[in-house]
Amino acid sequence: MPFKHNASRRHRIEKMKFKLTNWPEYEAGLRRRGSLTLWISPQVVSSWQAPKRTTRGGQPRYSDLAIETALTLGLVFGLRLRQTEGFMASVLKLMGLDLAVPDHTTLSRRASKPRAPNKRQFSRVPDKGPVHVLIDSSGLQIYGAGQWLEEKHGARSRRNWRKLHLALDADSGGIIAQVMTDQDAGDASQVEPLLDQIEMPIGQFTADGAYDGNPTYEAVIRHSPGATVVIPPRANAVEQPASDPTDQRNQQIAAIDADGRMKWQVDTSYGKRSLVENAIGRYKSIIGTRLRARSFAAQQTEVAIGCGVLNRMLACARPKSARCRNATE
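Since we're looking at a predicted model, the values are computed, not measured.

Undergrad: Would you explain the overall build of the chain in this entry?
TA: If you tally the helices and strands in the chain, you get 13 helices and 7 strands. Within the span of the chain, comprising 329 residues, buried residues form 36% of the whole. Contacts in the chain between residues at least 24 apart in sequence constitute 63% of all its contacts with a sequence separation of at least 6. Surface accessibility of the chain: about 20,300 Å² in total, with carbon and sulfur atoms responsible for 53%.

The following block contains the structure:
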């Protein structure tokens, strides 16, 4: 990595400076992020009640859209389920809408309902072509006694967490796929579930060294045969005999051995991988580092709603910056 390569002489390297090129639009978008203006379209009002069930079993009262609306508002404003119920009731009353509000027990039960991953489609300009996918993962804390019990009573227990896997569009910065697993799931094992949620063709797939291996390359090529896979091989990696002369991993190892890792990063635009790290940091700073739900299914619903909230916030305001060149350059 560049910061490791230049660690011995970092004090003599001038920090790069950037200037925003769309400050008026970005400033207005930041104000829109804090707006409390809410509206419910007539389509949502008509779809608030669940459709009539045609199979055996009880008839649900609220549609999935109503449950998702309540959970989204609760997550955005940091409310628990009971407070979410009261918040929804007050909002609907202020808007003059005669709609029933799901109670907290209904929200808890419906949030734990298993759901298939939604394939999120993003509006893209057709001329731009395939998408550049960035993938990374990070841990999220789950409900537990926390550090206070350990410091107070000396109780030691194995700390558990969940692992959030994200796929990011490098051009728009939006989250186009997400998967949440337990702490024992490997990063490379979740590449295919993430790619199954992406319907657009992939032009380039970029990930860190944890995804290095044939399963990752095979999963990407199955999704998009013409995709370019950019994954840094291990430091002691050697070229493997392959029948296919266009084996991408062998080509990357040869390029690093010939020109060095730093030049390989520049030629392959590997530095864009920092965007997915920024997205993970954005999730933890805005949504939180700890999951509120208790069950695994409800935690998956919470993560999916959180990613949707971040995409909406990013659509309101996204900075565009350009590097300031020095006069000596």
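What follows continues from the structure just given.
Undergrad: What's the story with the side chain of Thr-181 in this structure? I'm lost.
TA: Of note, Thr-181 is situated in strand S4 (residues 175-182). What Thr-181 contacts, discounting residues up to four positions off in sequence, is Arg-162, Lys-163, His-165, Gln-190 and Phe-296.

Undergrad: When you look at the pattern of salt bridges in this model, what are you seeing that I'm missing?
TA: When the charged atoms of two side chains lie near each other, side chains of opposite charge can form a pair. By the definition in use, this model includes 10 salt bridges. Of the charged contacts in the structure, one is a salt bridge between Arg-273 and Asp-136, with a shortest N-O distance of 3.5 Å. On the criterion of sequence distance, the pair formed by Arg-273 in the loop between helix H11 (261-268) and helix H12 (274-286) and Asp-136 in strand S2 (residues 131-141) is long-range, its members being 137 residues apart. With a closest N to O distance of 2.8 Å, Asp-212 and Arg-249 form a salt bridge. One end of the pair, Asp-212, is in the loop between strand S5 (202-206) and helix H9 (214-223); the other, Arg-249, is in helix H10 (residues 248-259), and 37 residues separate them in sequence.

Undergrad: Sorry if this is basic, but what is going on with the nonpolar core here?
TA: It is characteristic of soluble globular proteins that their nonpolar side chains tend to be buried jointly. Membership of the largest hydrophobic core comes to 36 residues, with the highest contact counts inside it found for Trp-48, Tyr-283 and Val-303. When contributions to this core are tallied by element, the ones reaching two or more residues are helix H4 (64-76), helix H5 (81-95), helix H6 (104-111), S2, strand S3 (161-169), S4, H12 and helix H13 (296-316). Those residues in contact with Tyr-283, other than ones at most four positions away along the chain, are Leu-140, Leu-164, Gly-288, Glu-302, Val-303, Gly-306, Cys-307 and Leu-310. Listed in part, the 22 residues of the second largest apolar core include Leu-194, Ile-198, Met-200 and Ile-202.

Undergrad: I'm lost on the packing of aromatic side chains in this one. Help?
TA: Each aromatic ring pair is summarised here by two numbers: the centre-to-centre distance and the angle between the ring planes. In the structure shown here, the tally under the stated rule is 3 aromatic pairs. With 5.6 Å between their ring centres and 40° between their planes, Trp-264 and Tyr-270 make a pair best called tilted. Comparing Trp-264 with Tyr-270 shows no difference in burial state: the two are buried.

Undergrad: Hey, could you run me through the sheet that holds S5 in this one?
TA: Strand order in the open sheet made by the 5 strands is S4-S3-S2-S5-S6, with mixed pairing throughout. Across the chains shown, the open sheet's two edge strands, defined by having one partner strand only, are S4 and strand S6 (228-230). The sheet shows a mean angle of 20° between the axes of neighbouring strands, taken without regard to direction.

Cut-off values and rules
- Residues numbered from 1 in each chain as written.
- Predicted model: local features only at pLDDT ≥ 70, side-chain atom pairs only at ≥ 80, totals over all residues.
- Heavy atoms only, no water.
- Helix = DSSP H or I, 4+ residues; strand = E, 2+ residues; numbered from the N terminus.
- Buried < 20%, exposed > 50% of the residue type's maximum accessible area, 1.4 Å probe, protein only.
- Contact = heavy atoms within 4.5 Å.
- Areas by Shrake-Rupley, 256 points an atom, 1.4 Å probe, with all protein chains shown as cover.
- Salt bridge = Lys/Arg side-chain N within 4 Å of Asp/Glu carboxyl O.
- Core = buried A, V, L, I, M, F, W, Y, C linked by side-chain atoms within 4.5 Å.
- Phe/Tyr/Trp six-rings, centres within 6.5 Å; stacked < 30°, edge-to-face > 60°.
- Pairing = 2+ DSSP bridges.
- Axes fitted to C-alpha atoms, helices over the stretch in contact; angles between N-to-C directions.

Function cannot be read off these values alone, since they describe shape.
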